[in-house]
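Residue-level listing of the chains:
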There are 2 protein chains.
Amino acid sequence: MTILVNGTEADTVPVFDRGLQYGDGVFETIAVSAGFPLLLDEHLQRLHAGTARLRLPAADPEVLRREVNALAADVGECVIKIILTAGEGGRGYLRPESPACRRIVSTSPLPPHPPERWSAGVCVRVCETRLAVQPALAGIKHCNRLEQVLARAEWSDPAIAEGLVLDTAGNLVEGTMSNVFAVQGGIVRTPSLTGSGVRGVMRDAVMDLAATAGFPIEEVDGPLDDWLGADALFLTNSVIGIWPVSQVEDRQYGIDDVTRTLLNRLAGARLAPLPPGVFRR
Amino acid sequence: MTILVNGTEADTVPVFDRGLQYGDGVFETIAVSAGFPLLLDEHLQRLHAGTARLRLPAADPEVLRREVNALAADVGECVIKIILTAGEGGRGYLRPESPACRRIVSTSPLPPHPPERWSAGVCVRVCETRLAVQPALAGIKHCNRLEQVLARAEWSDPAIAEGLVLDTAGNLVEGTMSNVFAVQGGIVRTPSLTGSGVRGVMRDAVMDLAATAGFPIEEVDGPLDDWLGADALFLTNSVIGIWPVSQVEDRQYGIDDVTRTLLNRLAGARLAPLPPGVFRR
């Protein structure tokens, strides 16, 4: 495990960093396979969009690219997390006039998910924790993640791979750590994320794969029942790629042709660290 | 400036602390006057309520009390901030089974507000940033403060002391760093904070003072115009005590008898580090 803080090996940050004080920052979680950070450009673009939305100075993408590439080449297979905080200073919530952002790049092992999560699908619950509707923060991957922490704290059974989360209006938004898609009559649908949720880099990549494959795509919002009536459901994030959903609470799903096609194309494009042998069947 | 991390002098925390990673924690800001932390019991009670709501283990109040009292006696006049984070560990948003919370107690100087903020009142703006409605987090002083940071980033004019913030439904909630009260026809009103906002320790103290003084109190919600039509407005927090409001955008207010009475009683009870000679007139 290596950690670079502003380019120097370190494992701590100052107490008065605004990331710790207020969650004043953004982050990215990047899968690394065979020494290469996957979808790095897309992650850096979202990071940039996040800093812009939070009115933070942009980080130099070339510096980030160099640090991520170096760690990735070193470690080979891992997850790299970038955190950009607003740094220190200011008076209370007021930032200093020119914040000196702090850049934290760290590696951690790929989570050891069993291959069945891709080949057979995952069992999913519905969380009681709701997401607030906050368009000012929707879409970006900021460091205010208490809603996700509370939702994830609702279960400890390792057989349940993910929890679906609704917003306070009752519309499905995402999983605690993933985006959600439904396939119905050949159409690929996913929540719009205009009010809550994180616009995942893998979500965009999968939408591109779906478009290339000729599947109609819709970004729509609706209550849980609208989604659970679909032919198939799947989850996406940068580390898992695509997980088909086999079960939501008591309801069972199969892996349909659309999901299988997307998994095959994702594997072919090498956009996620998928386990070998779970697709192209 | 002294910082205690888990009881030991230190000025950093580990990068993987969940406070930095996700804002997974709560905090308190305590005014210290003549070596005494003001309203310490009340702050420790709210901290306890916050950890309970976030399903974190309770901190030992006696340990906190001892550390705060020692720093307060050392420094005399200052602000003491307590942060309790969920500590390190877990997998992503999932906390470890028994989180080892991290306790950070630090001092900083009292902010140098001019005495006119109490004697003549403060000029206030209305923020464009809205607060999301999230009952699961409303009331507690958690470390997810991006909404406040964004609201406070809207202005830099030092003549503007505070910004009022509405929720996404258009109801007045609070200031960026304070609670707000309105006085109309002798009745003291303040927003209910059931959907958003922080239930300030000073808000409770001022409501107690108002009750003792025989003023009727109402916790109600309503759009900004309902509030701006009041006879008088004032703001509260633990460091400022009570600031009368002299102006909101283009609208002027005087300091009414109710606000003056509350300021006098606050000074008499020594519940905030008020500047000498700005009341009892």
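Preceding block: the structure.
The text that follows walks through the structure, step by step, so that each part is easy to find. (Residues numbered from 1 in each chain as written. Chains lettered and ligands numbered in written order. Predicted model: local features only at pLDDT ≥ 70, side-chain atom pairs only at ≥ 80, totals over all residues.)

**Some words on the interface of chain A and chain B**
So the rule is basically this: Residue pairs are scored as contacts if the distance between their C-beta atoms, which are placed from the backbone, is within 7 Å. Numbering of helices and strands runs from the N terminus; a helix is a DSSP stretch of H or I covering at least four residues, while a strand is a stretch of E covering at least two. Charged residues are taken to be Asp, Glu, Lys and Arg, nonpolar residues to be Ala, Val, Leu, Ile, Met, Phe, Trp, Tyr, Cys and Pro, and polar residues to be all remaining types, Gly included. Any two strands between which DSSP finds at least two bridges are classified as paired.
Taken together, the 42 residues of chain A in the interface contact 42 residues of chain B. Broken down by secondary-structure element, the contributors of at least two residues to the side of chain A that touches chain B are strand E1 (3-5), strand E3 (12-14), helix H1 (18-22), strand E7 (102-108) and helix H5 (146-152) of chain A. Broken down by element, the side of chain A that touches chain B gets its largest block of residues, five residues, from H5(A). Class assignment of the residues belonging to the side of chain A that touches chain B gives a composition of 22 nonpolar, 12 polar and eight charged. Judged from the three bridges that link them, E3(A) and strand E3 (residues 12-14) of chain B form a sheet pairing that is antiparallel. Bridge pairing links A:Val13 to B:Val13 in E3(B).

**Topic: the packing of helix H2 (residues 40-53) of chain A against helix H3 (residues 61-75) of chain A**
All names here are of chain A. To keep it simple, the criterion reads: As a rule, the C-alpha atoms of each element are fitted with a line to give its axis, helices using only the stretch in contact, and angles between N-to-C directions run from 0 to 180 degrees. Should an angle fall under 35 degrees it is taken as roughly parallel, and over 145 as roughly antiparallel, whereas 65 to 115 is taken as roughly perpendicular and any remaining angle as oblique. Throughout, a crossing is termed right-handed when the near helix is turned clockwise from the far one, and left-handed when it is turned anticlockwise from it by less than a right angle.
Across the interface, H2 lies against H3 with an axial gap of 11 Å and an inter-helix angle of 135°. As the angle between them shows, H2 and H3 are arranged oblique. Taken as a pair, H2 and H3 cross one another with a handedness that is right-handed. In this structure, H2 contributes Leu40, Leu44 and His48 to the contact, and H3 contributes Pro61, Leu64, Arg65 and Val68. The residue inventory of the contact of H2 with H3, partitioned by class, reads five nonpolar, one polar and one charged.

**Brief notes about the sheet that holds strand E1 (residues 3-5) of chain B**
Residue and element names in this part refer to chain B. Here we have six strands laid out as an open sheet, ordered E2-E1-E7-E6-E4-E5, and antiparallel in their pairing. Each end of this open sheet is capped by a strand with a single partner; those strands are strand E2 (8-9) and strand E5 (36-37). Strand direction decides the pairing type here: strand E4 (residues 25-33) and strand E6 (residues 78-85), joined by eight bridges, are antiparallel. Across the sheet, Phe27 pairs through a bridge with Ile83, a residue of E6. Strand contacts of helix H2 (residues 40-53): E4, E5 and E6, with the helix running at about 175° to E4, the strand carrying the most contacts. Running at roughly 155° to E6, helix H3 (residues 61-75) makes contact with E1, E4, E5, E6 and strand E7 (102-108) of the sheet.

**Remarks on the relation of the copies chain A and chain B**
Our working definition: Least-squares fitting of one copy onto the other uses the C-alpha atoms of those residues that reach a pLDDT of at least 70 in both copies.
Of the transformation placing chain A onto chain B, the axial shift is 0.0 Å and the rotation is 180°, giving an RMSD of 0.0 Å. When the rotation and shift are considered jointly, the pair of chain copies conforms to a two-fold rotation axis. With an isologous cut-off of 70% or more, the 100% of interface residues of chain A that recur at the interface of chain B puts this contact in the isologous class.

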